[in-house]
Amino acid sequence: MAVQELELKPSVPSSPLLGFWNVFRKNRMAVLGLFMLLIIIVLAVFADILAPYDPRSYEDIQSSDVYQPPSAEHWFGTDDAGKDVLSGFMYGARISLIVGFFAAFISIFIGGVIGIVAGFFGGKIETFLMRFTDLMLVIPDLPLIVVIVALTKPSLLNIIFVIGLLGWTTTARVVRSQTLAVKSRKFVLRAKALGAGNWHIIWHHILPLVMPILVVNAVLVISLAILNESTLSFIGLGDPTAISWGQMLNFAFGRGAMSVGAWWALVAPGFGIVWVVLALTLLGNGLEQALNPRLESHHLMPGRQTVQKEAGEFSPAPDFYRRDAPLLLDVQNLSVHYVNNGNVAKAVQNVSFKLHEGELLGLVGESGCGKTTLMMALLRLLPSAGEIASGHVYFAGRDLMALSEEEMADVRWSGISIIFQGAMNALNPVRTVGDQIKEAILKHIPEFPPRALEDRVVELLDLVGIAAEHKDHFPHQYSGGMRQRAMIAMALSCNPQIVIADEPTTALDVMIQAQILELLDELRKKLGLAIIFVTHDLGVVAEMCDTVLVMYGGVTAEYADVDTIYNAPRHPYTQELLKAFPDLSKLERRLSSIPGYPPKLDALPPGCRFAPRCPLAFERCTREMPALHVLAKNHVVSCHLVEQP
Amino acid sequence: MKHIFSVAPVKRFMSNEYILEVKNLKKYFPAGRGGWFSRHNSFVHAVDDIDLQLRRGEVIALVGESGCGKSTLALTLMGLEQATAGTICFEGKDITHLSDQERKAIRRRIQMVFQDPYESLNPTQTIEEIVTEPLIIHGLASHAAERRERVLRALEDSGLKPAEDFLHRFPHQLSGGQRQRVVIAGALVLEPHLLLADEPVSMLDVSIRAEIINLLADLRQARHISILFITHDLGSIAHFADRVAVMYLGRIVEIGTTREVLTAPQHPYTQALLSVIPVPNPRLRKKRMILHGETPNPINLPTGCRFHPRCPLARDDCKRIDPRLIQITETHHAACILISK
């Protein structure tokens, strides 16, 4: 297994185009749509070769050929002039697709330019262009097209222009809103700071990010244009020299196909229109999904939570925090794997720890070391690709890994709750904070007495230091620090025994960070909460933790009480992390950093996972993964160096 | 331009020549009208009367909480926001109000590094395109070979080695620290004289922060670039900055050498900021001076000293007197009425 893992290729695609195709091809309906469209395009392009008869020639046609039902000679029968319907269908596809594609091209071009210019420049230009767009949107398209085509010569070129010139309004609106969104992104500001002109920014920074939405929109505009052309031709306003599907329908209706029961003359072109519109719709949906990552499955959706037993070395977690406090959580040998296209990434391996009432555990490590994955595994909220490979999590005497999904849902908020990273943005902007806290309570305790609800909200807000009058305010009226407090209030709403705080202070200023830390410390003293504080910042946890678990590359590097971690660390990773910390008492000393980055979880080194960055690594480290050594009752280190005397 | 690449003979190069001089700079944003028929408009006083001088090769850390106006100051210095009043002089030239053409010429010499390396790179461009773009915008290095060489050198100088390996990658394939290096390379490729770094490390892991700060320290050393380093974390710049300016509600409340400000802070706000810097040692748990509330909104400023509503040492006088910067030593100034000379 280990050998196999080393050969895993990174799953990150090398170019956006390849990544796009990988997502797109998973959508079977979209691939089907693309295939359906390609068939029609091939028929249209090679009609000269593929069509059994030439519909433009009147040779060999006798009066007995009129409206013949499908036969071996004429698969789709013949039409009112005795010509082959199948051949007409192929040539008709040509006309319908030409009109569709060219008209859509005109629409997309106009809509794209108007949308980008309006969105990017704003101000008076935007007002003028968008009011003009609104005006065009109010005028019903089809009657206007009919009137214009009726007044002008019904040539194919005129039809293309009229449909194209009237079909851009939705594109303009969609593109404008996308441009507004892209314009506010930081890389546009960066380009301005570099001295880039407006057109440079539009061409290099706005257009590439607007393009996906333009492509999706184009597909839908094409099908609309084909439908419009068919309608025009059907009511007799088509180009009489270019026989499109709509024109075929028009002839069949106008020349008595219905009265003689020649259904085939109607079905073939009608089927063509439905086929192409369906193909484009399927394709459009697929493109939208592939180009817009937000439509992909949410990363917190409960996935497969099967527990697969894997034989592994058992590493007991030491039990050293205040022996008198009752044990709340006992995590034993928890391993989490991510499975992607048959590749296995060992995100967390054999992590064990214990948590007591009132204990504050710091879970420390750089980004990508498996901290968040470990916490998500505890709550069984792994993304769908993740699975718990082995291990037990005992909470209040029950193994959480053996619970049903319903039982687990009960534990999730009222037993163990979580404050997510960047949670300040997780509040619903259109509802008051008080309402959202009420909702959180009712979701988990539906029988909560409605009269007491209001008091409970005030009590919770008071607990986190928010005055009662703010309960009817909206999140945008809160500052960043207050929003984080509101999230903590929500996490406390069902009286959990354990709160997991996943980087709760990362995006906050030092002063607000200090306020939040003080609050968490108070809460645990007041409510006897146990807290798991996940952070990349060793300095933050030194202030208040009892125990610290340092993780690296998915494994425990060092686990000890707070004093040991800071004053007698044995793992080189812990030592290096501490050195990277600015020491204000030695101003002249240069900061030391740990060169390199944590390993990718799908390309783990064979030996110790820290070996490639470790200043003390020796030959054995690159070969053999160190075991978890229990040095004293309260100190676990995974390093070969501690074996030496 | 050659001197830029020479190795500095002294440990910290700094000349007495000012590269940037800011005088009485103000930037107000309109904050809506008083009412439908009222002519009285209110303003956000984002930057309110700032004086600042930066020497060639000097690093000044500008410290303050969000909402104190430090990012607006950077954008105004960059010319991305128009100053309401005051002057900005860069290399002896007044650049407060410039035409687009003149501004573009200045932009080559003042570059900016943004806070969020996840947002400040265009996800559809390769690293090569990102770092080449500034050269194309400014019409520098017309030959493809020369352009490529400058891009490779900028990437290597930013610590992305071997640079060739990064050229064809996309931002999403890099870690946060590597992305920030790409942003720095994109600024360096123009060989700027002044770098405005707006919280360049606050989104990064602690272990990576040290790397980026050391990189900037090396660049200043090797190229004599002046740096205005904007941050909310006094701890991260202690080893790097020559001087520290502490900003509160649009004003500088304390400025001095790093040693003076960190070891003998005079303003209660600076003292509070220093007290909450996490100390990585549980044996040194200390009394923290946690200020309650957050920076008030800069539309309706408090009377007197702007800090008095949050100040633990405030007296009655503080509500009346708006203190100006008082000189403590030749290099150290602070704005507080409690300072005894």
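Before any of the text, the structure's been laid out above.
Residues numbered from 1 in each chain as written. Chains lettered and ligands numbered in written order. Predicted model: local features only at pLDDT ≥ 70, side-chain atom pairs only at ≥ 80, totals over all residues.

### Topic: the pairing of strand S9 (residues 547-552) of chain A
Residues and elements named next belong to chain A. The element S9 is extensively covered by neighbouring structure, given that six of its six residues are classed as buried. Note that S9 and strand S10 (residues 555-561) share six bridges and pair antiparallel. Within S10, the residue paired with Val548 across the bridge is Ala560. A loop of two residues connects S9 with S10, the two strands running antiparallel in sequence, and Gly553 in this loop sits at a positive phi of about 55°. (Buried ≥ 20, exposed ≤ 12 C-beta atoms within 10 Å, placed from the backbone. Helix = DSSP H or I, 4+ residues; strand = E, 2+ residues; numbered from the N terminus. Pairing = 2+ DSSP bridges.)

### Focus: the interface of chain B and chain A
Across the boundary between the two partners, chain B contributes 53 residues, which contact 53 residues of chain A. Looking at the side of chain B that touches chain A, the elements with two or more residues in it are helix H2 (100-107), helix H3 (127-137), helix H7 (206-223), helix H8 (234-237) and helix H9 (258-263) of chain B. For the side of chain B that touches chain A, the element with the most residues is H7 of chain B, which contributes six residues. In the side of chain B that touches chain A, the residues fall into 22 nonpolar, 16 polar and 15 charged. (Contact = placed C-beta atoms within 7 Å. Nonpolar A, V, L, I, M, F, W, Y, C, P; charged D, E, K, R; others polar.)

### Digging into H7 of chain B
All names here are of chain B. With 18 residues, H7 ought to run about 26 Å at 1.5 Å a step, and its terminal C-alpha atoms sit 26 Å apart, in line with that. Listed in full, the buried residues belonging to H7 are Val206, Ser207, Ile208, Arg209, Ala210, Glu211, Ile212, Ile213, Leu216, Arg220 and Arg223. The first or second residue beyond H7 is His224, which carries a positive phi of 55°. (Expected span 1.5 Å × (residues − 1).)

### A few points about the sheet that holds strand S1 (residues 327-340) of chain A
Residue and element names in this part refer to chain A. Here we have four strands laid out as an open sheet, ordered S2-S1-S4-S5, and antiparallel in their pairing. Of all strands in the sheet, those with a lone pairing partner are strand S2 (343-356) and strand S5 (398-399), marking the two edges. As paired elements, strand S4 (residues 386-395) and S5 share two bridges and run antiparallel to each other. Bridged to Phe395 within S5 is Arg398.

### Notes on unusual backbone geometry
Here the amide bond leading from Lys161 of chain B into Pro162 of chain B is cis, since omega sits at -15°, within 30 degrees of zero. As for its placement among the helices and strands, Pro162 of chain B is situated in the loop between helix H4 (144-157) and helix H5 (164-167). Positive phi values are uncommon outside glycine, yet Asn333 of chain A reaches one of about 50°. For Asn333 of chain A, the location among the structural elements is in strand S1. The phi dihedral of Glu191 of chain B falls on the positive side, at around 55°, and the residue is not glycine.

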